[in-house]
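Okay, here's what each chain looks like letter by letter:
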Amino acid sequence: MSTVAPILLTPGPLTTSARTRRAMMVDWGSWDDSFNQLTARVCQQLVTIINGADSHHCVPLQGSGTFAVEAAIGTLVPRDGHVLVLINGAYGKRLAKICEVLGRRFSTYETAEDQPTTASDVERLLRANPSITHVALIHCETSTGILNPLADISMVVAHHGKGLIIDAMSSFGALPIDAQKIPFDALIAASGKCMEGAPGMGFVFAHKTSLANAAGRSHSLAMDLHDQHAYMAKTGQWRFTPPTHVVAALHEALVQYHEEGGLPGRYKRYAANCQTLLDGMARLGIRSFLPDAIQAPIIVTFHAPKDSRYQFKAFYERVKAKGFILYPGKLTEVETFRVGCIGHVSPHDMQAAVNAIGEVLKEMEVQHF
Ligand SMILES: *Cc1c(COP(=O)(O)O)cnc(C)c1O
């Protein structure tokens, strides 16, 4: 193993700062007051990022992001509910899969992977299907990096009096979302994405009234957000063993988030990372998959070179040897690879990654793009 850890240019887990990693060097007791205060401070700071302290509870949950999405659907959608799932990529498909496994009735509306769902699509679908109780969507669909028009869609959903469940896993903390302007039942994110914490904990911003009405609805004990919240509100403790090191790392990551200027600061750095990447790759002749207007500054999908000398695995290994971990593509139709813009990385790192990619393509004698 090399002594210098490679930079992760992936959508999570991602590169964390040394300060965040050092915060995990302490063992905490789950009954201990200081740990419980740490959890409370983390939750309070998280909900403040979306301006949601008055309207929403932040309910943390052990596990990866998908656990929190599943918990939100299982807790907030009644067993006789009907979810309209908006899909333009793999994470949208996962929402539908969750509904299927949980036995919640669902309908899907799928657009192409380079096509955002529009508010007028949702308007039409809600008019045609009055039995729908909730709409579920992905804010930034990480499988391509496409941004869906959350604010417009939320207005249509609210106008029809339906619930909204938002997977904002890869956008929360970097792209602005104001809970006082965007009405929703649940918005879900996780410790190891734009917060730049360690992976291992999800959190759901659940509307206070919706959560209060969700007692006993979950099919699952461990994934019941109503119970998780009620227990924490009463005791200050997590139900079941908390991910103590992950909470401590997230607390430290939040300190750095605020030092960076909070959301505007983080957005600015990610946008600069993304622009450096797009410009650099364009100079190498590598085309990005999405038009700029719908490209979120979170992760970029690139067309793979059309050259038989290009093989993702060999390309990946060579770029890794130069210090950067890339991400495979997730599209079925076209061959692509992805480069993340999030994590504790700077435009300088992005330029170094572009340089490494350029050198590798030369070494592999790839010529056709
Ligand atoms: C990362 C991510 C998730 C969660 O994936 P896990 O592997 O469970 O952490 C869900 N939705 C989106 C859009 C994501 O980017």
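Since we're looking at a predicted model, the values are computed, not measured.

Trainee: Looking at this model, I keep getting lost on the overall build of the protein chain. Mind explaining?
Mentor: The helix and strand tally for the protein chain stands at 12 helices and 14 strands. A globule of 369 residues ought to have a C-alpha radius of gyration of about 21 Å, and the protein chain, at 21 Å, matches this closely. Based on the C-alpha atoms only, the size of the protein chain along its principal axes is roughly 60 × 55 × 35 Å. In the protein chain, which comprises 369 residues, the proportion classed as buried is 57%. Considering only contacts within the protein chain whose residues lie at least 6 apart along the sequence, 73% involve residues at least 24 apart. A total of about 15400 Å² of accessible surface is found on the protein chain, and carbon and sulfur atoms cover 55% of it. Each charge class in the protein chain was averaged separately, 33 positive and 33 negative side chains, and the resulting centres sit 1 Å apart.

Trainee: What am I meant to see in the sheet that holds strand E11 (residues 299-303) here?
Mentor: Sheet strands pair via backbone hydrogen bonds, and the direction of the pair is either parallel or antiparallel. Pairing is antiparallel in the open sheet, where 3 strands are placed in the order E11-E14-E13. Looking along the sheet, the strands with just one partner apiece sit at the ends: E11 and strand E13 (327-328). Packing of helix H10 (residues 262-284) onto the sheet brings it into contact with E11 and strand E14 (336-340), and relative to E11 it is tilted by some 10°.

Procedures and definitions
Each chain has its residues counted from 1, running along the sequence as written. In keeping with the predicted nature of the model, local features appear solely for residues at pLDDT of at least 70, side-chain atom pairs appear and are counted solely at 80 or more, and the whole-chain, interface and lining totals rest on all residues. Based on all heavy atoms of the structure, the side-chain values leave hydrogens and waters out of the count. Only DSSP runs of H or I covering at least 4 residues are called helices, and only runs of E covering at least 2 are called strands; the numbering of each starts at the N terminus. Computation of the radius of gyration draws on C-alpha atoms, with the globule rule given as 2.2 Å multiplied by the number of residues to the power 0.38. Burial classification: accessible surface area is computed with a 1.4 Å probe over protein chains only, and a residue below 20% of its type maximum counts as buried, one above 50% as exposed, and the rest as partly exposed. Every residue pair with non-hydrogen atoms within 4.5 Å of one another is taken to be in contact. Each accessible area is a Shrake-Rupley result for a 1.4 Å probe, and residues are judged covered by the shown protein chains and nothing else. Positive charge is attributed to Lys and Arg, negative charge to Asp and Glu, and no charge count is given to His or to the chain ends. A charged residue contributes its charge at one atom only: NZ of Lys, CZ of Arg, CG of Asp or CD of Glu. Criterion used throughout: strands pair if DSSP finds at least two bridges between them. Here the axes come from fitting lines to C-alpha atoms, over the contacting stretch only for helices, and the angles between their N-to-C directions go from 0 to 180 degrees.

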